[in-house]
Every structure is written in C-alpha cells, then in structure tokens.
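Given next are the chains, with one letter for each unit.
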Amino acid sequence: MQPSVNAATTPLRRLALHSMTTCSTTATSYGKCIMATYTDVHKDTCKEEFAKFGACLREAVSQTSALPGLL
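The structure presented is a predicted model; accordingly, all values stated were derived computationally and were not measured.

Honestly, the overall build of the protein in this entry has me stumped. Any pointers?
For the protein, the helix and strand inventory stands at 3 helices and 0 strands. Shown N-terminal to C-terminal, the secondary structure of the protein runs as helices and strands in the order α-α-α. Residue burial in the protein is summarised as follows: out of 71 residues, 17% are buried. The long-range fraction of contacts in the protein, counting pairs at least 24 apart against all pairs at least 6 apart in sequence, stands at 56%.

As structure tokens, then:
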C-alpha cells in the first residue's frame, strides 16, 4: 500500500500544480503559439515561449522544493 502523500509533495505533482497556477501566463502564451502554428510546426517554432515557460517552471518547482512545508 502506498503511503499517504500531500497533493504537492512529489516532483510531478509540483510541476503540474505550477503549470496551472504560478506559470499559467507563460503556459497560455506557449499554448497559443502552438495552436497558431500547429499545422506547420517545425523545429524552434515556439522556442522563445517554450523557454520562458520552462524557466518559470524550473524556478517555481525549485523554490517550493527548498521549502517542503510550504504546500
């Protein structure tokens, strides 16, 4: 039986939480870029938006992992 886990204690759960809350603006920007170009996607189509979204997630997850009792 798996031990009980707080909703945001595992790395994947923290990532999911921040992608919908902390980084929702950059996620939306990246999503809009993909939707605007999905019929003609090629390498680096939305590179700038993806980089901003990734940086936001890395920052958010690293901050909460440094403060384990926060969530």
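Looking at this model, I keep getting lost on the state of the cysteines. Mind explaining?
A covalent bond between the sulfur atoms of two cysteines is referred to as a disulfide. Counted by the stated rule, this structure contains 2 disulfides. The disulfide that involves C23 links it to C56, with 2.1 Å between the sulfurs. Between C23 and C56, the S-S torsion sits near -95 degrees, and that sign places the bridge as left-handed. Of this pair, C23 sits in the loop between helix 1 (11–20) and helix 2 (24–37) while C56 sits in helix 3 (residues 47–66), and the two are 33 residues apart along the sequence. With relative accessibility at 1%, the residue C23 sits in the buried group. Since its relative accessible area comes to 22%, C56 is described here as partly exposed. A disulfide bridge connects C33 with C46, and the sulfur atoms are separated by 2.0 Å. Sign of the S-S torsion, about -90 degrees for the bond between C33 and C46, identifies this disulfide as left-handed. Taken together, the residues span a long stretch of sequence, with C33 in helix 2 and C46 in the loop between helix 2 and helix 3 at a distance of 13 residues. With its bonded cysteines labelled in order along the sequence, the protein shows the pairing 1-4, 2-3.

It is not clear to me how the environment of R58 should be interpreted in this structure. Could you clarify?
Here R58 shows up in helix 3. In the structure, R58 is positioned 40 residues away from H18 in sequence and 9.5 Å away in space, judged by C-alpha atoms.

Would you explain the packing of aromatic side chains in this entry?
Aromatic ring pairs are reported here in terms of the distance separating the ring centres and the angle at which the planes meet. Taken as a whole, this structure holds 2 aromatic pairs when the rule is applied. Ring geometry for Y30 and F50: centres 5.3 Å apart, planes at 55 degrees, overall tilted. Taken together, the residues span a long stretch of sequence, with Y30 in helix 2 and F50 in helix 3 at a distance of 20 residues. Y30 sits in the partly exposed class, given a relative accessible area of 24%.

Rules used in this analysis
- Residues numbered from 1 in each chain as written.
- Predicted model: local features only at pLDDT ≥ 70, side-chain atom pairs only at ≥ 80, totals over all residues.
- Heavy atoms only, no water.
- Helix = DSSP H or I, 4+ residues; strand = E, 2+ residues; numbered from the N terminus.
- Buried < 20%, exposed > 50% of the residue type's maximum accessible area, 1.4 Å probe, protein only.
- Contact = heavy atoms within 4.5 Å.
- Disulfide = S-S within 2.5 Å.
- Phe/Tyr/Trp six-rings, centres within 6.5 Å; stacked < 30°, edge-to-face > 60°.

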